[in-house]
Amino acid sequence: MLRLIFAFVDIMLHRRGPESLPSSPFLFWSLLVLSVVADCAIIWLAGEPGRAFAVVLLVTGLNIWFVWALLRTFNRQARFRQTMTAMLGVEVLLSILQAPLVRPLVEAPPQDPQNPTIALPGVLLLVIVIWSIDISAFVFSRALERPYFLCAAMVIGYFLLIHTLQITLLQPVAA
C-alpha cells in the first residue's frame, strides 16, 4: 500500500508516468470509490447544498469520459486503466491535502470590497488547483506520447469547461 502511495507521489512530482502503475481493475474501482468519497467529504466540509453530491457524480463521469475520449482520439485506449488510475490516485492525494484548507476558507469573515485581501487557505487551494492541472498535463503527455504543452492546453480547456459547468449547476435556485 505504501509503495502505491509513493508511486502516486512520484507521478505528482513528474518522476514516474502512468505506465508504471499496474493495470488492475480492482485498483481502478477502489480509487474511483475513494475519489468520490473524498470529493463528497470536501463538499460536506464546505457546507455545500445537497445537489453538490449529484454534481460530483456527474463530474466524475465526465472525467472518465474525457480520459477515454482523449486516449481514443490518439489511439491509446489500451492505456485507459493505468491513466485513469494515475488520475484518480493523484486526485485522492490532492483531496487529502485540500481538506484541511476548506473549513478555514468557509469560516473566514466576508471580504471588504474596498480592501480585498487573499487568505492563506485560498492561496494554498489555488496552488493545489494549478498543481492538479500540471499533473494532469504530465500524465496525459506520458499516456498520449505528445508534448506537455499540447496536453496542458487540453487540460486547461477541459478544466475551464468543467468549472463553468459546476458553477452553473450549483447556482442558487431562484424562488
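Reference entry: report on the structure contained in this document. (Residues numbered from 1 in each chain as written. Predicted model: local features only at pLDDT ≥ 70, side-chain atom pairs only at ≥ 80, totals over all residues. Heavy atoms only, no water.)

## Topic: the overall build of the protein
In step 1: Helices and strands together make up the secondary structure of the protein, namely 6 helices and 0 strands.
In step 2: Reading the helices (α) and strands (β) of the protein from amino to carboxyl end gives α-α-α-α-α-α.
In step 3: Since a compact globule built from 175 residues should have a radius of gyration of about 16 Å, the 17 Å found for the protein is in line with a globular shape.
In step 4: The C-alpha extent of the protein, read off along each of the three principal axes, is 50 × 35 × 30 Å.
In step 5: The 175 residues of the protein split such that 37% are buried.
In step 6: For the protein, the share of sequence-separated contacts (at least 6 apart) that also reach a separation of at least 24 residues comes to 71%.
In step 7: Total accessible area on the protein is roughly 10400 Å²; 70% of this is exposed by carbon and sulfur atoms.
In step 8: Distance between charge centroids for the protein: 13 Å, based on 11 positive and 9 negative side chains. (Helix = DSSP H or I, 4+ residues; strand = E, 2+ residues; numbered from the N terminus. Rg over C-alpha atoms; globule rule 2.2 N^0.38 Å. Buried < 20%, exposed > 50% of the residue type's maximum accessible area, 1.4 Å probe, protein only. Contact = heavy atoms within 4.5 Å. Areas by Shrake-Rupley, 256 points an atom, 1.4 Å probe, with all protein chains shown as cover. Lys, Arg positive; Asp, Glu negative; His and termini not counted. Charge placed at Lys NZ, Arg CZ, Asp CG, Glu CD.)

## Let's talk about the pattern of salt bridges
In step 1: Counting across every chain of the model gives 5 salt bridges.
In step 2: Here Asp10 ties to Arg15 by a salt bridge, and the two come within 3.2 Å at their closest N and O atoms.
In step 3: Its relative accessible area of 17% is what places Asp10 among the buried residues.
In step 4: Classification of Arg15 by relative accessible area gives exposed; the value is 58%. (Salt bridge = Lys/Arg side-chain N within 4 Å of Asp/Glu carboxyl O.)

## Focus: the environment of Gly122
In step 1: Mapped onto the secondary structure, Gly122 falls in helix α5 (residues 120–144).
In step 2: Sequence separation between Gly122 and Val106 is 16 residues, and the spatial gap between their C-alpha atoms is 9.9 Å.

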